[in-house]
Amino acid sequence: MSSNSGIQIPSRLPLLLTHEGVLLPGSTMRISVETARNMHLVKNRLLKGTSLKSTIIGVIPNTRDPEHDTEDLPTLHSIGTAGLAVQVVGSNWPKPHYTLLITGLCRFRVAQLLKEGPFPVAEVEQLDKLEQYTSPEEMSEAALPDGELGELSQRFYQAAVQLVGMLDMSVPVVAKLRRLLDSLPRETLPDVLASMIHTSNKEKLQVLDAVSLEERFKKTLPLLTRQIEGLKLLQKTRKPRLDDDKRVLAVRKGGVLPGRQFSLDEEGDDEDGDDTAVLERKVKGANMPEPALRVCLKELKRLKKMPQSMPEYALTRNYLDLMVELPWSKRTTDCLDIHAARVLLDSDHYAMEKLKRRVLEYLAVRQLKSTLKGPILCFVGPPGVGKTSVGRSIARTLGREFHRIALGGVCDQSDIRGHRRTYVGSMPGRIINGLKTVGVNNPVFLLDEVDKLGKSLQGDPASALLEVLDPEQNHSFTDHYLNVAFDLSQVLFIATANSTATIPPALLDRMEVLQVQGYTQEEKVEIAHRHLIPHQLEQHGLTPQQLQIPQDTTQDIISKYTREAGVRSLERKIGAICRAVAVKVAEGHNVTKSEAAPAESAPQGAEHGDGKRGRRAEEPDGVSADMAAPPDMPIVMDHIALKDILGPHVFEMEVSERLTLPGVAVGLAWTPLGGEIMFVEASRMEGEGQLTLTGQLGDVMKESAHLAMSWLRSNAKTYQLTNLVGGSDPLEGTDIHLHFPAGAVTKDGPSAGVTMVTVLASLFSGRLVRSDVAMTGEITLRGLVLPVGGIKDKVLAAHRAGVKRVIIPKRNEKDLEEIPANVRKELDFVTASNLDEVLNAAFDGGFPGMSNPLTLPHIVSKL
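Residue positions are counted from 1 within each chain, in the order its sequence is given. Side-chain atom pairs in this predicted model are given and counted only at pLDDT of 80 or more, local residue features only at pLDDT of at least 70, and totals for whole chains, interfaces and linings cover all residues. Neither water nor hydrogens contribute to the side-chain values; these are computed over all heavy atoms in the structure.

Caption draft 1: Structural view of the overall build of the protein. Strands here mean DSSP runs of E at least two residues long; helices mean DSSP runs of H or I at least four residues long; both are numbered from the N terminus. Broken down by element type, the protein carries 29 helices and 26 strands. Pairs of residues are marked as contacts when any of their non-hydrogen atoms sit within 4.5 Å. Contacts in the protein between residues at least 24 apart in sequence constitute 72% of all its contacts with a sequence separation of at least 6. Accessible areas in this description were obtained via Shrake-Rupley with a 1.4 Å probe; residue shielding takes into account the shown protein chains only. Summed over all atoms, the accessible surface of the protein reaches about 41,400 Å², with 50% contributed by carbon and sulfur.

Structure representation (structure tokens):
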């Protein structure tokens, strides 16, 4: 149907797939571009193109449901519209996207798909003429030679004139539309009018598929007639309005060929001035439960009787608007592909096998039972181990919306349950407000820092959370502002905490606690090279071709500059390296070992800024970088450059240095920040048998010290312990001072009992404790060793400190299964059930006075 004298579109067109409607020739439509395929088209074709030809694209309606859209290219509709991109607008909120203003030119048929990625390109066949028409009469004679086609054209023109005549001609846009009907060619009227009147996408698709002009008139004429009948009925039933409300249809400003479009959609919905009628339709269309619907209709009835000047009018209107916006029945479809979920979790996070397994278990059960209630999970672990980011990854894995609620410092129960509407400035709580924000009733809610909730005169927010986090109650959660029940059973709640000690027992009982332990050094190295280093390079504008950090260097950063359970300090140190290298790259200097200025000419401190920052890859010894290395060679961090940038080592392996005198031993402690080693020191002097304890010790640790002293005094003869004057009572004529260094930190707990016994036994016997031993365990007055908590964190702390043997209670042997295999291979674990076994393992060759000092207790060696 193409003409030799007509304008031809390119034979190859990039294809834009859209869910938002059907673009017809002669009409203009705004299209939102969000998918990766369409984003590539905009960036590579429209934004980079300079010619008019590059702005012509093919618009194909995508009939696939957008919620079930995938990365695979769907089956293309055979007919599309060639369009001219008139305007391209980009935005980053709420997520990166473009908005295109496209004017339809003509139809085309997809002859052959040439390529699918990064955006589809097809060879097309033009179906419509695309010419500059001179007059309607000439075009009618050229395009409508057939008598029947001419009759259809005349009937359609008359119907269009009748439709426009029913509108208010005082409106300038309507008057312009009436003039266009006389100037436009008749063969363009079906497409133009079909894009204006109120029609479904399916009906517009039928008009697009009507290649024959006669078929096009036949498809569009019934739609025009239906619109006219609807306007007649509306005029009969409509009450008189003011002059500014006389328009029956909302006509959008625009034009027709070459670039504009009118719209006759939404017949008087928002222009009739009756806000309550619109609100009533929204209330009935919100699919809310029957109790909530009754409340809304009652409030709506009150609203109709109120004058708008009353203060309560605005309060009631805000309440109804919130009720309409809440996702009573709207939800997202879960992605239940377990294999894809495992791949996504593994790519986002290294280690954390327990958390990943729990998510996969939930997906598996959801496949078998679609009505499964959302679990209430609580991730407990030190800062920086990835608790919050795991929650975000879980939302991505399930294909759900994600919302984070920070609870740290919250001390008002109204933050959870909302305010009653009787108060001035009342508003819903964070739970309901979060549901309004995400727009679905089955999101992933992250309740961050749930262990840091406060309590005040305004109530206890932890108690308010009991209803939210109880699976047996949250199906009817009642916010004080709504005053109607809302179903939270489909929400997946994930709470995070550093410790369970400050969480009320009733709240803790409602959650499934998953311990997130600290990372080993090997895991930190892997995390750094998989995630932290690439992220910091991107944040500082560097590339791997400019900076390389070997694994040995990363190991030095972890062991000598950070000592933590998580990786936040490690990321900050890597960021410091990137900033130092960025300065050199920005200055254009070669960063080499030979770059330092002469000491006599350099100002004080210059060696820190311009000293040895690294070495160029493959740089020969003794050759300057200016002569030997090209300027694009990467900077490789070594230990000299590391010390120059980060300064002297912050942490040193001081265990062997501290254990050079009797009366010193290494204990293991658990803190909310992870495990730590703890030195315990003791000394004795002449006195009256007093025991002095320093180091900000809690009551439990003071009692453990007295227990240790009493047990040693009762067994002094057995272990050949003496005082300063040679007596059998260690305290006779002797004062004992027991000190726990880091005196500014408060310490408490029973797990230091075995360490105190070992320290005092070393002091009284004059023997040194092994320098590679650390221990933990509670003691009794009879010399038994009781189990303690936090074994994994304590063992990881011992491993970080270079300890080779760890003494733990016998009943904690089961906890060793949680220790990573590489750590177990490097440590010897001694499981002791009494203090005899502890002392025998803590001293070289056993402890004097034991029945069989050379026989060590049970050792789980290099598991």
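Read on, since the account is not over.
Caption draft 2: Spatial organisation of helix α29 (residues 835-842). A 1.4 Å probe rolled over the protein chains alone gives each residue an accessible area, and that area as a share of the maximum for its type sets the label: buried under 20%, exposed over 50%, partly exposed in between. Among the 8 residues in α29, 6 count as buried, and that is most of the element. In protein, a polar contact means a hydrogen-donor-capable atom and an acceptor-capable atom, both N or O and within 3.5 Å, with residues adjacent in sequence counting only if both atoms are side-chain atoms; elsewhere, any N or O pair within 3.5 Å suffices. The distance from a side-chain oxygen at the start of α29 to the backbone nitrogen of Asp 836 is 3.1 Å, and the residue carrying that oxygen is Asn 834.

Caption draft 3: Spatial organisation of the packing of helix α9 (residues 290-305) against helix α10 (residues 311-325). Between the N-to-C directions of two axes lies an angle of 0 to 180 degrees, each axis being a line fitted to C-alpha atoms and, for a helix, fitted only over the stretch in contact. Running from N to C, α9 and α10 point in directions that differ by 150 degrees, and their axes come no closer than 10 Å. Looking at the two axes, α9 sits roughly antiparallel to α10. Regarding α9 and α10, the two cross each other, and that crossing is left-handed. Residue-level inspection shows Ala 292, Val 295, Cys 296, Glu 299, Leu 300, Arg 302 and Leu 303 of α9 in contact with α10, the latter providing Glu 312, Tyr 313, Thr 316, Arg 317, Tyr 319, Leu 320 and Met 323. The labels follow the angle: roughly parallel below 35 degrees, roughly antiparallel above 145, roughly perpendicular from 65 to 115, and oblique for the rest. With the far helix as reference, a near helix turned anticlockwise by less than a right angle produces a left-handed crossing, and one turned clockwise produces a right-handed crossing.

Caption draft 4: Fine view of the packing of helix α6 (residues 201-209) against helix α7 (residues 213-237). One can describe the packing of α6 onto α7 by two numbers: an axis separation of 8 Å at closest approach and a directional angle of 150 degrees. In terms of their interaxial angle, α6 and α7 are classed as roughly antiparallel. Note on packing geometry: the crossing formed by α6 with α7 is left-handed. Between α6, through Glu 203, Gln 206 and Val 207, and α7, the contact on the second element is made entirely by Arg 216, Lys 219, Thr 220, Leu 223 and Arg 226. Among the residues making up the contact of α6 with α7, the classes are represented as 2 nonpolar, 2 polar and 4 charged. Three residue categories are used. Nonpolar comprises Ala, Val, Leu, Ile, Met, Phe, Trp, Tyr, Cys and Pro, charged comprises Asp, Glu, Lys and Arg, and polar comprises the others, including Gly.

Caption draft 5: The arrangement of the sheet that holds strand β8 (residues 402-406) in detail. Read across the sheet, 5 strands follow the order β8-β9-β12-β7-β13 without closing on themselves; strand pairing throughout is parallel. The open sheet terminates on both sides in strands that have one partner only, identified here as β8 and β13 (512-515). Each adjacent strand pair in this sheet contributes to an overall mean axis angle of 20 degrees, direction not counted. Contacts from helix α12 (residues 353-368) reach β7 (376-380) and β13, with the element oriented near 145 degrees to β13. Strand pairing is defined by DSSP finding a minimum of two bridges between the two strands.

Caption draft 6: Geometry of the confidence of the model for the protein. Put simply, the protein has an average pLDDT of 82, and 84% of its residues get 70 or more. The predictor attaches a confidence to each residue, called pLDDT, with possible values from 0 through 100. Counting interchain partners and residues more than four positions distant, the pLDDT-below-50 stretch residues 239-273 has 86 contacts. Across residues 851-857, where pLDDT falls below 50, the model places 15 contacts with residues more than four positions away in sequence or in other chains.

Caption draft 7: Representation of the layout of surface pockets. As defined here, a cavity is a set of points on a 1 Å grid over the protein atoms alone where a 1.4 Å probe fits but cannot get out. A pocket is an open set with protein on both sides within 12 Å along at least five of seven lines, and residues line them when an atom is within 4 Å of a point. Grid points are joined across faces, edges and corners, and a volume is the space filled by probe spheres set on the points. Its boundaries defined by the atoms lining it, the largest pocket holds a volume of some 1,200 Å³. If you trace the largest pocket, you find 47 residues lining it, with Ala 669, Trp 670, Thr 671, Gly 675 and Glu 676 closest to the centre. Contributing elements (two or more residues each) for the lining of the largest pocket: β17 (664-671), β18 (674-686) and α27 (791-800). The class makeup of the residues in the lining of the largest pocket is 21 nonpolar, 14 polar and 12 charged.

Caption draft 8: Highlighting the side chain of Ser 426. Along the chain, the position of Ser 426 falls in the loop between α14 (414-417) and α15 (430-438). Overall, the relative accessible area of 17% leaves Ser 426 in the buried class.

Caption draft 9: Main features of empty space enclosed by the protein. Within the structure shown, the criterion is met by 4 cavities of 30 Å³ or more. Here the largest cavity is characterised by a volume of approximately 50 Å³. Lining the largest cavity are Leu 345, His 349, Met 352, Leu 355, Lys 356, Val 359, Val 390, Ser 393 and Ile 394. Contributing elements (two or more residues each) for the lining of the largest cavity: α12 and α13 (387-398). By residue class, the composition of the lining of the largest cavity is 6 nonpolar, 2 polar and 1 charged.

Caption draft 10: Quick peek at the nonpolar core. Counting residues in each nonpolar core, the largest one holds 65 residues, and the members touching the most others are Leu 738, Phe 740, Leu 760 and Ile 807. Top element by residues in this core is helix α26 (residues 753-765). It accounts for 8 residues. When near neighbours in sequence (up to four residues on either side) are disregarded, Ile 807 contacts Val 773, Ala 774, Met 775, Thr 776, Val 830, Ala 832, Val 838, Ala 841 and Ala 842. Residues enter a nonpolar core if they are buried and are Ala, Val, Leu, Ile, Met, Phe, Trp, Tyr or Cys, with the set joined through side-chain atoms within 4.5 Å. Val 359, Val 516, Ile 635 and Leu 642 belong to the second largest nonpolar core, which has 50 residues in total.

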